[in-house]
Amino acid sequence: MDELKLIEAVFAEPEPTPEAAAKGRDRLLRLAGEAQAARLDRPRRRWPAALPIRRVALVGALAVTLSAGIIVTQVSLGGSDPHTPGYLIAAPPADAKALLTLAARAAADRSDTVPARGEYVHTRTLAQHSLHTKDKSGGTLSTKVLVSQERWEAADVGKPWLSRSQNLSATGPAPRRYWDRGVEDIVYEPGDCPGQPAYARLGAWPTDPAEVRAKIVAETGEEPLRIWGSLQSLVRESVVRPSLGAALYQVAAGLDGIVLVGDAVDAAGRPGLAVAMDEGDGTRSELIFDRKTYRYLGQRTVNLRDRKVKLPSGGEYTEKKDAVTGTAVLAVELAPGLPEVSPEASRMKIPC
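Under an unreviewed UniProt entry, the chain has the name CU044_5270 family protein and belongs to Nonomuraea montanisoli.

Next comes the structure, spelled out in structure tokens:
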């Protein structure tokens, strides 16, 4: 099986040198040509003219066998690794609309999260935040912080919710004492406005794409960028209701200005494909999907150029090109109740 070794050499990791790859390709093509020539020179077998029905049957069986072989080959070679032959078969979607169509199908195949009375919807995410500090000369320094976020929302109106965060790591000049604050809990208690969990609030939304678009446009107008902004917020919440997510992706597929990004990475470091839109302020916002399953992974914002950013405390600083912030969805699950809450937890009213 010398040919298989040649194929492995062409797609080897690490990649072969250009000289070795060229020699391998030349030899592989030469062997293929010799095999083809040998088949052409081989005398053809004459089939008896008295067996036309059998010939048709054999041809049909051969076609079925050949088709099955092609299907098996496609399945066994399929993958997203560009160093394997399967990458040529399992090519990524051609454009943003194609990716969103596949993402909509993947979401439609999943069940919505519907908690029973007394249960909580528990979501786990990772987020990339920016922490700004001052240097000795008063200049602004930026540090990227990776944050673990969890949220428990009650199925029953009138019960408390819990939000928990913990800064896990940081990249930048800020000392650890500036960003490592341990576990921080915020308890949201019922007030004058009891509020609604995301799954209940989104439960009133239709799942027909045309109706979803009409509902969004009633608030945003027809400007694509404003529709896109509303879609991003809804997609973040719709992880608890994939049936709505499927409709949201179809609405996004109809927007002018969306593009495909083939090398996106979410906050958890998972590679994916993304659909994106230029925000017009020097940034590009993206929805990221798994490269193979097309399941929603998260969102990110990427700087397209160096840009001035105003700080809440006043002043501004220059954020560099390719700087990234974003979120990644890790899990959506049901929990029987709240975990033990920190005695130092902050307390707020449930937002309306």
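Okay, back to it.
Chemist: I keep staring at the packing of aromatic side chains and nothing clicks. Help me out?
Modeler: By convention here, two paired aromatic rings are described through the distance between centres and the angle between planes. Enumeration over the complete set of coordinates arrives at two aromatic pairs. With a centroid separation of 5.2 Å and an interplanar angle of 90°, the aromatic rings of Tyr 249 and Phe 289 are classed as edge-to-face. Of the two residues, Tyr 249 sits in helix 10 (residues 242-253) while Phe 289 sits in strand 7 (residues 283-290), which places them 40 residues apart along the sequence. Here Tyr 249 and Phe 289 have matching classes, each one buried. Their ring planes at 65° and their centres at 6.1 Å tell us that Phe 289 and Tyr 296 sit as a pair that is edge-to-face. The burial state of Phe 289 is the same as that of Tyr 296; both residues are buried. Chaining the aromatic ring pairs together yields one cluster made of Tyr 249, Phe 289 and Tyr 296. It is Arg 151 that lies over the ring of Tyr 188; its NZ or CZ is 5.5 Å from the centre. Geometry around Trp 205 places Lys 215 over its ring, the cationic atom sitting 5.0 Å from the centre.

Chemist: Which parts of the structure should I look at to understand unusual backbone geometry?
Modeler: A negative phi holds for most residues other than glycine; trans holds for most peptide bonds. For Tyr 294, which is not glycine, the phi torsion reads 65° and is therefore positive. In this structure, Tyr 294 sits in the loop between strand 7 and strand 8 (296-303).

Chemist: Looking at this structure, I do not really get the packing of helix 8 (residues 209-220) against helix 9 (residues 224-237). What am I missing?
Modeler: The angle between the axes and the distance between the axes are what describe a pair of packed helices. In the contact formed by helix 8 and helix 9, the axes pass within 10 Å of each other and the chain directions differ by 120°. What the angle tells us is that helix 8 and helix 9 run oblique. The chirality of how helix 8 crosses helix 9 is right-handed. Contacts from Arg 213, Ile 216, Val 217, Glu 219 and Thr 220 of helix 8 reach helix 9 at Arg 226, Ile 227, Ser 230, Leu 231 and Leu 234. For the contact of helix 8 with helix 9, the residue count by class is five nonpolar, two polar and three charged.

The rules behind these values
Residues numbered from 1 in each chain as written. Predicted model: local features only at pLDDT ≥ 70, side-chain atom pairs only at ≥ 80, totals over all residues. Heavy atoms only, no water. Phe/Tyr/Trp six-rings, centres within 6.5 Å; stacked < 30°, edge-to-face > 60°. Helix = DSSP H or I, 4+ residues; strand = E, 2+ residues; numbered from the N terminus. Buried < 20%, exposed > 50% of the residue type's maximum accessible area, 1.4 Å probe, protein only. Lys NZ or Arg CZ within 6 Å of the ring centre and 35° of its normal. Axes fitted to C-alpha atoms, helices over the stretch in contact; angles between N-to-C directions. Parallel < 35°, antiparallel > 145°, perpendicular 65-115°, else oblique. Left-handed = near helix turned anticlockwise from the far one by under 90°. Contact = heavy atoms within 4.5 Å. Nonpolar A, V, L, I, M, F, W, Y, C, P; charged D, E, K, R; others polar.

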